[in-house]
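Survey of secondary and tertiary structure
Each chain, letter by letter, is given below.
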Amino acid sequence: MDKRTFLKLLSATASPVIPPLSAWVAKQKLTNWAGNLFYSTDRLQEAASVEQIQSFLRSQDKVRVLGTRHCFNSIADSRHNLLSLKPMHEVVALDPVARTVTVDAGVTYGQLCPYLDSKGFALHNLASLPHISIAGACSTATHGSGEKNGNLATAVSGLEIVTAAGDVVKLSRTADGEIFRGAVVGLGALGVITRITLDIQPTYAVRQYVYEDLPLSQMRDHFDDIQASAYSVSLFTDWQKQRINEAWIKSRVGGGQAFAASPEFFGAKAAVRNLHPIAELSAGNCTEQMGVPGPWYERLPHFRMGFTPSAGKELQSEYFVPRRNAVDAILAVERLRDQVTPHLLISEIRTIAADELWMSTSYRQPSVTIHFTWKPDWPAVRRLLPVIEKELSPFQPRPHWGKLFTLSPAKFRSRYERLGDFIELATKYDPKGKFRNDFLNTYVFAR
Ligand SMILES: Cc1cc2nc3c(=O)[nH]c(=O)nc-3n(C[C@H](O)[C@H](O)[C@H](O)COP(=O)(O)OP(=O)(O)OC[C@H]3O[C@@H](n4cnc5c(N)ncnc54)[C@H](O)[C@@H]3O)c2cc1C
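Residues numbered from 1 in each chain as written. Predicted model: local features only at pLDDT ≥ 70, side-chain atom pairs only at ≥ 80, totals over all residues. Heavy atoms only, no water.

Along the chain, tyrosine 429 turns up in helix α12 (residues 419-429). You can call tyrosine 429 buried: its relative accessible area is 11%. Tyrosine 429 sits 265 residues away from alanine 164 along the chain, and the two C-alpha atoms are 6.5 Å apart. (Helix = DSSP H or I, 4+ residues; strand = E, 2+ residues; numbered from the N terminus. Buried < 20%, exposed > 50% of the residue type's maximum accessible area, 1.4 Å probe, protein only.)

Glancing now at the site of the ligand. In the vicinity of the ligand, 36 residues are found, and the nearest of them are Val65, Gly67, Thr68, His70 and Ser133. Between arginine 64 and the ligand, the recorded distance is 2.9 Å, taken from a side-chain N or O atom to an oxygen atom. A distance of 3.0 Å separates an oxygen atom of the ligand from a polar side-chain atom of threonine 142. Out of a free accessible area of 970 Å², the ligand has 99% covered by protein chains. Looking at the shell around the ligand, the elements that each hand over two or more residues are β2 (64-66), α5 (134-139) and β9 (192-199). Per-element accounting of the shell around the ligand gives the leading share, four residues, to α5. Residue composition of the shell around the ligand, by class: 17 nonpolar, 15 polar and four charged. (Near = heavy atom within 4 Å. Polar contact = N/O pair within 3.5 Å; in protein donor to acceptor, adjacent residues only side chain to side chain. Areas by Shrake-Rupley, 256 points an atom, 1.4 Å probe, with all protein chains shown as cover. Nonpolar A, V, L, I, M, F, W, Y, C, P; charged D, E, K, R; others polar.)

Moving on, we get to the packing of aromatic side chains. Taken as a whole and assessed by the stated rule, the structure comprises 21 aromatic pairs. Between the aromatic rings of phenylalanine 265 and phenylalanine 266, the centroid separation amounts to 4.9 Å while the plane-to-plane angle is 85°, which identifies the pairing as edge-to-face. Phenylalanine 265 sits in the buried class, given a relative accessible area of 5%. Look at phenylalanine 412 and tyrosine 416: their rings are 5.8 Å apart centre to centre, the planes differ by 35°, and that puts the pair in the tilted class. Judged by relative accessible area, which is 4%, tyrosine 416 ranks as buried. Every member of this aromatic cluster is reached through a ring pair, and the members are Trp401, Phe405, Phe412, Tyr416, Phe439 and Tyr443. The positively charged end of arginine 252 is found above the aromatic ring belonging to tyrosine 204, 3.5 Å away from the centroid. Over the face of the ring belonging to phenylalanine 445 we find arginine 436, whose NZ or CZ atom lies 3.7 Å from the ring centre. (Phe/Tyr/Trp six-rings, centres within 6.5 Å; stacked < 30°, edge-to-face > 60°. Lys NZ or Arg CZ within 6 Å of the ring centre and 35° of its normal.)

Another point: the environment of serine 347. Tracing the sequence through the fold places serine 347 in strand β18 (residues 344-352). When its relative accessible area of 0% is taken as the criterion, serine 347 is described as buried. Between the alpha carbons of serine 347 and threonine 373 there is a distance of 6.0 Å; along the sequence they are 26 residues apart. If we ignore the near neighbours within four places in the chain, the residues touching serine 347 are Leu235, Phe236, Thr237, Trp239, His371 and Phe372. Only 2.8 Å separates the side chain of serine 347 from the side chain of tryptophan 239, close enough to count as a polar contact. A polar atom in the side chain of serine 347 sits 2.9 Å from the backbone oxygen of histidine 371. (Contact = heavy atoms within 4.5 Å.)

The subject of this paragraph is the sheet that holds β2. Spatial ordering of the open sheet is given by β1-β3-β2, a layout of three strands whose pairing is parallel. Two strands in the sheet have a free side with no partner beyond their single neighbour: β1 (44-46) and β2. Taking each pair of neighbouring strands and ignoring which way they run, the sheet shows an average axis angle of 35°. As defined by bridge partners, β2 adjoins strand β3 (residues 82-84) across three bridges and the pair is classed as parallel. For leucine 66, the partnering residue across the bridge sits in β3 and is serine 84. (Pairing = 2+ DSSP bridges. Axes fitted to C-alpha atoms, helices over the stretch in contact; angles between N-to-C directions.)

Written as structure tokens, this is what we have:
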């Protein structure tokens, strides 16, 4: 019997009573990936089937679902019960005609992508790392880069959700229109996503080039040309010396925005070896560069599966501002360089296409994101974030749903014009607030 059949049989016959992960919990406190957040409960349950989830939800008043725990703030936290869908990690269906793939909600991009590629298909984009769960990433509007690429949630065409009452609801882009657009970036507030369907396309190869020391003046004068130069562009800076330290250019081979590689790029010089975004760190955990073509899923993320992504010991913040304000917003942060750099590992600037998903950070707004990977010193970062947020306030920044910010709840909520509709939708599926936690009560549901 192969593993897939075994798991299927197991979940079909499994008892609806879920054993707690007590062995693990007894040994150590449950934290997020970065270790900056201790979840407020040790009550973590794993579910291996929809029936188990239904039974669990019917027996509990308060539940939050955990994905792969990569959020830096308390959006996933619960004081009562955490539910993990890690055992639900099967690819359910690949439809080559409709060009969709349906997966269990415990599947990560790192698990899905090689499978998809082996079948001749690809996703439109990926985040900087493949380690994250698809359900958690899409629920928080996780994004990659590329001015024509929507965030990862824009690939979602169908959802299966178990609601607070334990009912199974199926929503699709074609059948459910507005409600679907409200549900996709759902923040874990509508219910437990059990299956997720994504748009796919024929597989493609990508070449990745890195350029060093792009003068800030070139960024200021040619921001649009730089962003339009390839399928996905990321600019890394420590804000010092009036430069972008590294420009990462990801170019699709044989179509789209093919990148004409040359030794110089807007005054920056082509790197002569693979680099980490933090130049002092080894590039061993980074995806292949130097223009070597490779499969989409081994070039679109910056970091390789099987290795620790990014720096490991870090905090992260990120702000989305309208694309039209990109240069002004970047220069506003640059003015703070001497306050920012001492606490920074690296910043990254990316572009994202607008979308129609109500709670998306790019809702109806082509966006540029200014991201900060911080040294793990929360007291210092907490003092700095209000300074950055004040400087960015003319551009009405929307903080990343899963990263650290200090914006007031009232200002935060004012950035989402569909907030009222979202509250109504969430209340329909979860009338008593079973899936609400302190974070959601503060930044979403408070009126
Ligand atoms: C090193 C690193 C690099 C990163 N790079 C990027 C990047 O390039 N771009 C970017 O945008 N972000 C990035 N992030 C942030 C990350 O993508 C988000 O935090 C994302 O939410 C992580 O998914 P997760 O499954 O780990 O989420 P979790 O923290 O586990 O959960 C996130 C939210 O999703 C909900 N959720 C999870 N699963 C379900 C489910 N089945 N049903 C209902 N709700 C669910 C949770 O309740 C929670 O509210 C990075 C984070 C790290 C640590």
